[in-house]
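# Working through the structure, step by step
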Amino acid sequence: MFGNPMYPTFQAFLALGVSAIIAAVLMPFWIRLLKVEGIGQQVRADGPQRHLIKQGTPTMGGVIILLAVTVTCILLGRLTTELVLVLVATLACGLLGLIDDGTSVSHGRSLGLTPHAKMIGLTLICVVFCLLAVNWCGVAPEVRFPGGFTIDLGVLTTSFELGGEPFQIPWLYVMFTWLLIAGLSNAVNLTDGLDGLAGGTSMIAMLIMAAISFLHGDPNLSVFCTACAGACLGFLWFNCYPASIFMGDTGSLALGCAFACVAIMTNTEVVSLIVGALFIIEALSVMIQVLSFKATGKRVFLMAPIHHHFEKLGWAETKVVIRFWIVAAAFGALGLALFFQLG
């Protein structure tokens, strides 16, 4: 471990820079390799016509993001049970996304794994993470709201001995964390539709979660969060408009999982919904569009997710992205303020 442990803020900021540099240095080589192998993005046929020029742009940039995060955590973080568990869950979601990206590229279409297969994978990751977080890391199976109100989700708990040690399965909390992790992973995935959008908004969200982790008393999770933010920063150098590479599901599913897992570890699940409100809005826009069309045959938005709606209104892609960054930052600031109101 590098850095003075007496100054955890120094390590967190150092992790931001180190991760950004690793991502920025490795990304050109990864882009070149992907081009040689002919691994490129498959663009939606029903999407905005100006997106068709992005067909074939290298994807799977999330591989370098995850590599930068992992190396940075090993170098600068103390590998506590909490940090290792969050990192492994993030890498597992990244692997699921990599399989999805690989399937999409090999089949030459914009769809990868079936929703059913992807959800099975996410469910396994969510359940294992939740059970280990509760039993190995002492995470309380409760949901805390600003103002001091708390809901205990451990009322339906099955307890037994595993290897001579007590093991608990808080059924309600398992279902809640499944909704959080699977929901936010898919929400970030849906946000990844414009150059720089998912990378920039994820960077903002993880910086806020870094502050929350530090204030919660876990500087190692703070290092993890700043490493994620730094990797996104290095990635954005190549993902800004016009993008030279996309993060793919490898990056978006992993970043959504990382965000949710840190929220669970810090018992800030409700606050995280405010910090990541932009991701939730993106997901809700798709749900509203689908439900409205099935029920009435009419669409609420010109196109979903909602960032495409603004494109259809005539906004330039860069304008949509920057304004969404601003909205994400505002939600992040609000979420951080509400953190101080938790009981």
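As shown above, the structure is provided for reference.
The structure reproduced in this document is the subject of the present report. (Residues numbered from 1 in each chain as written. Predicted model: local features only at pLDDT ≥ 70, side-chain atom pairs only at ≥ 80, totals over all residues. Heavy atoms only, no water.)

### Structural notes on the nonpolar core
Formed by 81 residues in total, the largest nonpolar core has its most connected members in F129, F224 and M265. The leading source of residues in this core is helix α7 (residues 219-239), at 11 residues. Setting aside anything within four residues of it in sequence, one finds F129 in contact with L85, V86, A89, I181, C261, I264 and M265. With 11 residues, the next largest nonpolar core counts L197, I204, F301 and I306 among its residues. (Core = buried A, V, L, I, M, F, W, Y, C linked by side-chain atoms within 4.5 Å. Buried < 20%, exposed > 50% of the residue type's maximum accessible area, 1.4 Å probe, protein only. Helix = DSSP H or I, 4+ residues; strand = E, 2+ residues; numbered from the N terminus. Contact = heavy atoms within 4.5 Å.)

### Focus: the pairing of strand β3 (residues 157-162)
Burial within β3 is sparse, with just 0 of its 6 residues counted as buried. As paired elements, β3 and strand β4 (residues 165-170) share 6 bridges and run antiparallel to each other. Along β4, the bridge assignment pairs T157 with P170. Hairpin connection between β3 and β4: a loop of 2 residues separates the two successive antiparallel strands, and G163 in this loop has a positive phi of roughly 65°. (Pairing = 2+ DSSP bridges.)

### A word on helix α10 (residues 277-296)
Its 20 residues place the ends of α10 27 Å apart at the C-alpha level, agreeing with the 28 Å of an ideal helix rising 1.5 Å per residue. Taken residue by residue, α10 has A277, L278, F279, E282, A283, S285, Q289 and S292 as its buried positions. Elements that come into contact with the buried residues of α10 comprise α5 (171-191), α6 (197-216), α9 (269-275), α11 (306-312) and α12 (317-339). Following α10 by one or two positions, G297 has its phi on the positive side, about 80°. (Expected span 1.5 Å × (residues − 1).)

### Points about the packing of α5 against α10
One way to put it is that α5 packs onto α10 with a least axis distance of 8 Å and a crossing angle of 80°. By the angle between their axes, α5 is roughly perpendicular relative to α10. On the side of α5, the interface is formed by L184, A187, V188, L190 and T191, while α10 contributes F279, I280, E282, A283 and V286. Its residues placed into classes, the contact of α5 with α10 shows 8 nonpolar, 1 polar and 1 charged. (Axes fitted to C-alpha atoms, helices over the stretch in contact; angles between N-to-C directions. Parallel < 35°, antiparallel > 145°, perpendicular 65-115°, else oblique. Nonpolar A, V, L, I, M, F, W, Y, C, P; charged D, E, K, R; others polar.)

### What about α6?
Taking 1.5 Å per residue as the helical rise, α6 with its 20 residues ought to reach 28 Å, and the 28 Å between its terminal C-alpha atoms agrees with that figure. Counting buried positions along α6 yields 15 of 20 residues, so the element is predominantly enclosed. Just past α6, the residue G217 takes up positive phi, approximately 105°.

### Quick look at the pattern of salt bridges
One pass over the structure, following the stated rule, counts 2 salt bridges. The salt bridge involving K118 is made with D100; its shortest N-O contact spans 3.2 Å. You can see K118 sitting in helix α4 (residues 115-136) and its partner D100 sitting in helix α3 (residues 81-107), a full 18 residues away along the chain. The same class applies to K118 as to D100, namely buried. Across the salt bridge formed by K118 and D249, the nearest N and O atoms sit 3.4 Å from each other. Here D249 lies in helix α8 (residues 248-265) and K118 lies in helix α4, a separation of 131 residues in the sequence. No difference in accessibility class separates K118 from D249, as the two residues are buried. In this structure, a network of salt bridges that share partners links the residues D100, K118 and D249. (Salt bridge = Lys/Arg side-chain N within 4 Å of Asp/Glu carboxyl O.)

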